[in-house]
Amino acid sequence: PDSGRNSGRRKGGRCAADRPVGFRLVETPAETDVGQKRRSDFELNRKAILAAADETFAELGVAASIATVAARAGVGAATVYRHFSNREALVAAVFDRRVAAYASAIETAQLAADPATAFRDSIHAIVDLQTRDRSFREMFGGRETIPAENAEFIRFSQAILGIFRNARAGGVLREDVLDEDVF
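Draft legend 1. Molecular detail of the overall build of the protein. Scanning the protein for helices and strands turns up 8 helices and 0 strands. If you list the helices and strands of the protein from N to C, you get α-α-α-α-α-α-α-α. Taking the intrachain contacts of the protein between residues at least 6 apart in sequence as the baseline, contacts between residues at least 24 apart amount to 61%. Of the roughly 11700 Å² of accessible surface on the protein, 54% is carried by carbon and sulfur atoms.

Draft legend 2. Seen up close, the pattern of salt bridges. Applying the stated rule across the entire model yields 12 salt bridges. Among the ionic pairs, arginine 72 bridges to glutamate 55, the shortest N-O distance being 3.5 Å. Pair noted here: arginine 72 is in helix 2 (residues 66-73) and glutamate 55 is in helix 1 (residues 42-60), with a separation of 17 residues, a long-range link. When salt bridges with common partners are traced through the structure, they connect Asp54, Arg97, Arg98 and Asp133 into a single cluster.

Draft legend 3. A look at the nonpolar core. Core analysis: the biggest nonpolar cluster contains 37 residues, and Ile49, Phe57, Leu90 and Phe156 have the highest contact counts within it. Going through the elements one at a time, helix 1, helix 2, helix 4 (87-109), helix 5 (115-131), helix 6 (136-141) and helix 7 (151-169) are the ones with two or more residues in this core. Ranked by residue count, the leading element in this core is helix 4, at 9 residues. Residues in contact with leucine 90, not counting those within four places in the same chain, are Ile49, Leu50, Ala53, Phe57, Ile66, Val69, Val80 and Phe84.

Draft legend 4. Layout of the packing of helix 4 against helix 7. The contact between helix 4 and helix 7 brings their axes to 8 Å, and the two run at 30°. When the axes of helix 4 and helix 7 are compared, the crossing they make is left-handed. Counted together, Phe95, Asp96, Val99, Ala100, Tyr102, Ala103, Ser104, Ile106 and Glu107 of helix 4 and Glu152, Phe153, Arg155, Phe156, Ala159, Ile160 and Ile163 of helix 7 form the full contact between these two elements. Across the contact of helix 4 with helix 7, the residue classes tally to 11 nonpolar, 1 polar and 4 charged.

Draft legend 5. How the structure looks around the packing of helix 5 against helix 7. The interhelical angle for the contact between helix 5 and helix 7, taken along N-to-C directions, is 155°, at an axis separation of 9 Å. Between helix 5 and helix 7, the crossing angle belongs to the class labelled roughly antiparallel. Crossing geometry of helix 5 relative to helix 7 is assigned as left-handed. Every residue of helix 7 that contacts helix 5 at Pro115, Phe119, Ser122, Ile123 and Ile126 is listed here: Ile160, Ile163, Phe164, Asn166 and Ala167. Class assignment for the residues of the contact of helix 5 with helix 7 results in 8 nonpolar, 2 polar and no charged.

Draft legend 6. A look at the environment of glutamate 55. On the basis of relative accessibility, which here comes to 48%, the residue glutamate 55 falls in the partly exposed class. In this structure, the C-alpha to C-alpha distance between glutamate 55 and arginine 132, residues 77 residues apart in sequence, is 9.7 Å.

Draft legend 7. Just helix 2, in detail. Inspection of helix 2 places Ile66, Val69, Ala70 and Ala73 among the buried residues, and these make up the whole buried set. The buried residues of helix 2 occupy one face: seen down the axis, they fall within an arc of 95°. Against the buried residues of helix 2 lie helix 1, helix 3 (77-83) and helix 4. Positive backbone phi, at 80°, marks glycine 74, one or two positions downstream of helix 2.

Draft legend 8. Focus on the side chain of aspartate 133. Relative to the helices and strands, aspartate 133 is located in the loop between helix 5 and helix 6. Owing to a relative accessible area of 7%, aspartate 133 belongs among the buried residues under this scheme. A polar atom in the side chain of aspartate 133 sits 2.9 Å from the side chain of serine 135. With residues near it in sequence (within four places) discarded, aspartate 133 still touches Ala58 and Arg98.

The rules we used
Residues numbered from 1 in each chain as written. Predicted model: local features only at pLDDT ≥ 70, side-chain atom pairs only at ≥ 80, totals over all residues. Heavy atoms only, no water. Helix = DSSP H or I, 4+ residues; strand = E, 2+ residues; numbered from the N terminus. Contact = heavy atoms within 4.5 Å. Areas by Shrake-Rupley, 256 points an atom, 1.4 Å probe, with all protein chains shown as cover. Salt bridge = Lys/Arg side-chain N within 4 Å of Asp/Glu carboxyl O. Core = buried A, V, L, I, M, F, W, Y, C linked by side-chain atoms within 4.5 Å. Buried < 20%, exposed > 50% of the residue type's maximum accessible area, 1.4 Å probe, protein only. Axes fitted to C-alpha atoms, helices over the stretch in contact; angles between N-to-C directions. Left-handed = near helix turned anticlockwise from the far one by under 90°. Nonpolar A, V, L, I, M, F, W, Y, C, P; charged D, E, K, R; others polar. Parallel < 35°, antiparallel > 145°, perpendicular 65-115°, else oblique. Arc of directions from axis to C-beta. Polar contact = N/O pair within 3.5 Å; in protein donor to acceptor, adjacent residues only side chain to side chain.

No statement about biological role is implied by the geometric values presented.
What follows is the structure, encoded as structure tokens:
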């Protein structure tokens with residue numbers, strides 16, 4: 001019978017006294033020992049969290065709560081924080097996914113043989129992604145800096161600039177439309 005006092009157990013979990021002596025909880029991947037196996041669901045949870053955050057931020061913006069992301073991923077908020085130390089780290093990971101998606105869409109559109117078609121399809125791809133994602137502009141505009149070594153952002157930047165360079169080279173855009181006009 002419950003005496004009304006807290007038994008020391010978390011709802012659905014084990015308390016510290018239940019852990020074997022010498023057992024250490026690992027809170028972040030950086031704390032794992034080299035060669036130590038992660039739980040089998042570690043990567044599955046990470047993928048689910050990123051997919052849920054991607055969807056949630058696109059729908060609600062980056063101000064959406066971590067609790068909402070966690071619920072949509074089917075995990076607890078603590079699991080989100082085990083994978084991402086804070087909201088900014090989660091937003092940065094989603095930003096990388098987004099710029100990769102934009103780069104892929106642009107690269108695909110640029111495969112068209114006709115420069116005018118490639119330009120039009122590239123712009124349509126960008127607009128299509130923007131209309132389904134209310135948070136990309138927030139993420140992009142809210143970043144004071146982007147690390148120079150961010151491979152996905154470099155790929156994205158090159159794809160964006162490639163649209164205009166290819167259009168100028170193909171006679172679709174005037175020569176006086178400069179890269180600086182875009183970025």
